[in-house]
Protein chains: 2
Amino acid sequence: MMQAEIVSIGDELLKGLRVNTNAAEMSAMLSLEGVPVRRITACSDLEDEMQEVLAEALGRSELVLVTGGLGPTRDDRTRNALQQLLGRGLRLDGASLREVELRVASRGREMTELMQSQAMVLEGSEAMPNTKGTAAGMIINCGPRFTGRHLVLMPGVPVEMQAMMERFVLPWVRARSGATIIHTPVKTIGIGESTLAEMIVSVEDSLPEGTTVAYLPHGAGVDVIVSTFADAREKAEEDNLAVAGAISHLAEGFVYAVGKESLEETIIAMLRRRGATLAVAESCTGGLVASRITDVAGSSEVFTGGFIVYSNAAKEEQLGVSRNLLDAFGAVSQEAARAMAMGCLQRSGAGVALATTGIAGPGGATPDKPVGMLALGLARRTPGSEGPHVESTLLFMHGDRLQNKLRFSQAALRMLWESLRLSGSSPE
Amino acid sequence: MMQAEIVSIGDELLKGLRVNTNAAEMSAMLSLEGVPVRRITACSDLEDEMQEVLAEALGRSELVLVTGGLGPTRDDRTRNALQQLLGRGLRLDGASLREVELRVASRGREMTELMQSQAMVLEGSEAMPNTKGTAAGMIINCGPRFTGRHLVLMPGVPVEMQAMMERFVLPWVRARSGATIIHTPVKTIGIGESTLAEMIVSVEDSLPEGTTVAYLPHGAGVDVIVSTFADAREKAEEDNLAVAGAISHLAEGFVYAVGKESLEETIIAMLRRRGATLAVAESCTGGLVASRITDVAGSSEVFTGGFIVYSNAAKEEQLGVSRNLLDAFGAVSQEAARAMAMGCLQRSGAGVALATTGIAGPGGATPDKPVGMLALGLARRTPGSEGPHVESTLLFMHGDRLQNKLRFSQAALRMLWESLRLSGSSPE
């Protein structure tokens, strides 16, 4: 079984100026090909340090994926480090040079020496022309110094790395890998990690060989990741599905998805199945709920739109919330949230309306309305002649502004999910 | 000078199921204290692997910060690994136990053995009670096996780690560190990395000792990070500011901030200085522009709200865009964008209105309107009796749905920034 490592080069990672999303993406891609990632290392772009880290990684693992340090600026020293480590020179790659020339020409620029250096690759390597940028990547057989080991060099710009992974690296990996790994997330909301672990202890006590369970708590709930490793895909799929199914059965009522589906996607699918439409009225979340909903491809079929009503005036004018109500209860109140939801339902014509009003902070708090306070309202048309069903709730969060916005939006989506789930097929 | 490393434990990182934001946050925090981070390693939660990684890190660096593997579930094995590595037992920490008890009681649960295990810390370590969760952290003097080396163990849940860093770890670091590092980002938009590098080559050629320059391209532009290391804070500040100032002078017109300020914050500050207000009308960005604007604390002073108008019907009803115009030019057109901006200006009463309409994909394209097509409109009240100033632009992006949404929102904010910058003090 092939085993991989990832080395991410760049001082910006060590200074905390950039989050290493590349490593996560490459790991996910390799996992899906059945190639486990043993270690991820981020290191400086100093040549000595790079050489030490790369030599260690090549000593441990057959395949080492490296990003960063291939650009045109002075802090891009990966090529130099590898020339020394492997004792090889550079060659100008024709196909890569043509991509650079095309890119330079399309911007109406002149070709410079700096730009041409982007098409230089290590001798004895397979070049990967860059279709999204300028720096060429390479796949390097590291023998004789590291026999049987391969090193893949890619630029650190995410879209450039992604394109090279898909076009060159993954096909190369597929041709060499045997086994299969399958990961299935069982996604829960509204339950803590310990309680969930106690609830599914019987499954954990009788896992089939090759299957493991991991807990992934995050702002949006706790995901239980069921991973199965096997030589044969059928066997892996069978074991994996059986465990995921058992967990989902034991934790019923908290599980919104078995698989990759996000809470937003789950909600869109529920609405679509019922032929229902959704609109939102957002104060404290400032558009975040709508943005999360519209992250889902095809959301336009069920999402009609929304109102961002930050000021009291906007709540009155855009949603018809009465000034008396706002004066009597305040804009952050269950009464206001219900009125916003009702106004949104009427003015949008949607079947379900979701409203948020709260105090994200750091300013805006009063003695009886602290930062983190959130009122949610939901209005839903009901079949028959009665008026809409309306519900509301009051919650308190304890984060900074961005955390509160995220948790507010999460609480709003959870309210919507539960209301759709409990109401069965009623909304129009 | 103290040097640190970060070890992030958890199979979810190696499987690409989670992005390592913790490491970036800890690195940024340590950098600000003048403690450089030499390496960041993510490894599996298998005990052998953890022991190997931790022993290597302690061999290289004085301080090793570890997150993950302290929770109550079976894949949480960091305590065990360290018991073996350092040859020590565990003790129940009283202060940590009280935090766990409080948390269990506040949820109306019974104390279990699993929960109690969360307050177990290594013998001879300083416990860090968890104020945001249950698992206690610890600061461990690793002598005699690793003389003069310290290991800090924290849970992997971001808010729990953050609270422990601020309450215990950073004060501990401050008491031991001497030197200072200062990082100043010079933030640009609308210019590529190579062109920028050529523009400021004279500064890079004459950097004072201890100062380095790094390029950080991302979806929102290119940041040039000026880093200065010195024993004395005054000297570091002086050198750092001089270089940042010189770069910002050479790249004038592309620099929107020198310092941490985001583009959103820059825009909010510009609006506030002019006493102007902003509203948005979003189709393809689905609330993302508003959400980014409202990420800024105090944005409510200048942001009145907005309209999310996903459907043609919503564009007509909420913004008064005429059906004839939509039929003649289509919803994704400069004409529609201008009409949306005008409607938004009128209906919101704001001084500036920004409108987005485009095709985020993957669906919705037509032969002459491809995925990635974006029309932007901006309307601005002008002093005196003339009508509002209106502008529009058409752009094409090449990403998936989420990338396109992000780039669309970025282009919209850039248009707003340039319009505000070029219009001087005119908007009301």
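What you are looking at is a predicted structure, and each value in this text was computed from that prediction instead of being measured.

When helices and strands are tallied, chain A shows 16 helices and 17 strands. Each principal axis of the C-alpha atoms in chain A carries an extent, and together these give about 80 × 60 × 40 Å. Buried positions account for 53% of the 428 residues belonging to chain A. Across chain A, the fraction of contacts at a sequence separation of at least 24, relative to all contacts at a separation of at least 6, is 67%.

The parts lose accessible area when they come together, and the size of an interface is often stated as this lost area. Listed by partner, the interface residues are 66 residues for chain B and 67 residues for chain A. Two strands pair when backbone bridges link them, and strand 14 (residues 303-309) of chain A and strand 14 (residues 303-309) of chain B are joined in this way by 5 bridges, in the antiparallel orientation. In the strand pairing of strand 14 of chain B, G305 of chain A is matched with V309 of chain B.

Take unusual backbone geometry next. The omega torsion of the bond from G143 of chain A to P144 of chain A falls at 0°, within 30 degrees of zero and hence cis. Looking at the element boundaries, P144 of chain A is found in the loop between strand 7 (137-141) and strand 8 (150-154). For the bond running from G361 of chain B to P362 of chain B, omega is -5°, close enough to zero to count as cis. The topology assignment puts P362 of chain B in the loop between strand 15 (352-358) and strand 16 (373-380).

Right, let's get into the relation of the copies chain B and chain A. Relative to chain A, chain B is turned by 180° and slid 0.1 Å along the rotation axis, the superposed coordinates differing by an RMSD of 0.1 Å. As the rotation angle and translation indicate, the two copies are arranged about a two-fold axis.

With that settled, the discussion passes to the domain arrangement of chain A. Here chain A is described as being made up of domain 1 (4-174), domain 2 (180-258) and domain 3 (263-422). The C-alpha-based centres of domain 1 of chain A and domain 2 of chain A are spaced at 35 Å.

Pairing in this open sheet of 12 strands is mixed, and the strands run 6(A)-7(A)-8(A)-3(A)-1(A)-2(A)-2(B)-1(B)-3(B)-8(B)-7(B)-6(B) from one edge to the other. Among the strands making up the open sheet, the edge pair consists of strand 6 (125-128) of chain A together with strand 6 (125-128) of chain B. Averaged over all pairs of adjacent strands, the angle between their axes in this sheet comes to 15°, without regard to strand direction. Judged from the 5 bridges that link them, strand 1 (residues 4-9) of chain B and strand 3 (residues 63-67) of chain B form a sheet pairing that is parallel. The partner of I6 of chain B across the bridge, within strand 3 of chain B, is L65 of chain B.

To continue, consider helix 3 (residues 47-60) of chain A. Between the first and last C-alpha of helix 3 of chain A there are 20 Å, a value that for 14 residues agrees with the 20 Å anticipated at 1.5 Å per step. Those residues of helix 3 of chain A hidden inside the fold are in contact with strand 1 (4-9), strand 2 (37-43), strand 3 (63-67), helix 4 (78-86) and strand 8 of chain A.

Residue and element names in this part refer to chain B. Residue placement: L85 occurs in helix 4 (residues 78-86). Among the residues examined, L85 registers 19 C-beta atoms within 10 Å and is labelled partly exposed. Put simply, L85 and T112 are 27 residues apart on the chain and 28 Å apart in space, counted from C-alpha to C-alpha.

Moving on, we come to the sheet that holds strand 13 (residues 278-282) of chain A. Pairing within the open sheet is mixed, and its 10 strands lie in the order 17(A)-16(A)-15(A)-13(A)-14(A)-14(B)-13(B)-15(B)-16(B)-17(B). The open sheet is flanked by strand 17 (389-396) of chain A together with strand 17 (389-396) of chain B, the only strands paired with a single partner. Pairs of neighbouring strands in the sheet enclose a mean axial angle of 10°, with direction left out of account. By the bridge criterion, 7 bridges tie strand 15 of chain B to strand 16 of chain B in an arrangement that is antiparallel. In the sheet register, L354 of chain B faces strand 16 of chain B, and the bridge partner there is L378 of chain B. Docked against the sheet, helix 13 (residues 312-319) of chain A engages strand 13 and strand 14 of chain A together with strand 14 of chain B, running at close to 145° with respect to strand 14 of chain A. Contacting strand 15, strand 16 and strand 17 of chain B, helix 16 (residues 401-422) of chain B runs over the sheet at an angle of about 30° to strand 16 of chain B.

Turning next to the confidence of the model for chain A. Averaged over all residues, the pLDDT of chain A equals 91, while 98% of them reach at least 70. Our summary of model confidence lists the complex with pTM equal to 0.75 and ipTM equal to 0.73.

Taking 1.5 Å of rise per residue, 12 residues should cover 16 Å, and helix 2 (residues 21-32) of chain B covers 17 Å from first to last C-alpha, within 8% of that figure. When helix 2 of chain B is considered as a whole, its buried residues turn out to be N22, A23, A24, M26, S27, M29, L30 and S31 of chain B. Those residues of helix 2 of chain B that are buried are in contact with helix 1 (11-14) of chain A together with strand 1, strand 2 (37-43), strand 3, helix 7 (158-174) and strand 9 (180-188) of chain B.

In the case of a regular strand, side chains alternate between the two sheet surfaces. Residues and elements named next belong to chain B. Most of strand 15 is tucked away, with 7 of its 7 residues classed as buried. Residues V352, L354, T356 and G358 of strand 15 are buried on one face, and the alternating residues A353, A355 and T357, pointing to the opposite face, are buried as well. With 5 bridges joining them, strand 13 (residues 278-282) and strand 15 adopt parallel strand pairing. Looking at the pairing, E282 lines up with T356 of strand 15.

Turning next to the packing of helix 2 (residues 21-32) of chain A against helix 7 (residues 158-174) of chain A. Each pair of packed helices gets described by two things: the angle between the helix axes and the distance between those axes. Residue and element names in this part refer to chain A. Running from N to C, helix 2 and helix 7 cross one another at 25°; their axes reach a closest spacing of 11 Å. Compared by their axis directions, helix 2 and helix 7 come out roughly parallel. For the pair helix 2 and helix 7, the crossing hand works out as right-handed. Note on element contacts: helix 7 touches helix 2 through P158, M161, Q162, M165, L170 and V173, opposite T21, N22, E25, M26, M29 and L30.

Glancing now at the environment of L376 of chain B. All names here are of chain B. Mapped onto the elements, L376 comes out in strand 16. Each C-alpha atom of the pair L376 and S333 lies 8.4 Å from the other, and the pair is 43 residues apart in sequence. Ignoring sequence-local partners within four residues, the contact set of L376 consists of A337, A355, T356, S392, T393, A411, A412 and M415.

Rules used throughout
- Residues numbered from 1 in each chain as written.
- Chains lettered and ligands numbered in written order.
- Predicted model: local features only at pLDDT ≥ 70, side-chain atom pairs only at ≥ 80, totals over all residues.
- Helix = DSSP H or I, 4+ residues; strand = E, 2+ residues; numbered from the N terminus.
- Buried ≥ 20, exposed ≤ 12 C-beta atoms within 10 Å, placed from the backbone.
- Contact = placed C-beta atoms within 7 Å.
- Pairing = 2+ DSSP bridges.
- Least-squares fit on C-alpha atoms with pLDDT ≥ 70 in both.
- Domains from an automatic or database assignment.
- Axes fitted to C-alpha atoms, helices over the stretch in contact; angles between N-to-C directions.
- Expected span 1.5 Å × (residues − 1).
- pLDDT = per-residue confidence, 0-100.
- Parallel < 35°, antiparallel > 145°, perpendicular 65-115°, else oblique.
- Left-handed = near helix turned anticlockwise from the far one by under 90°.

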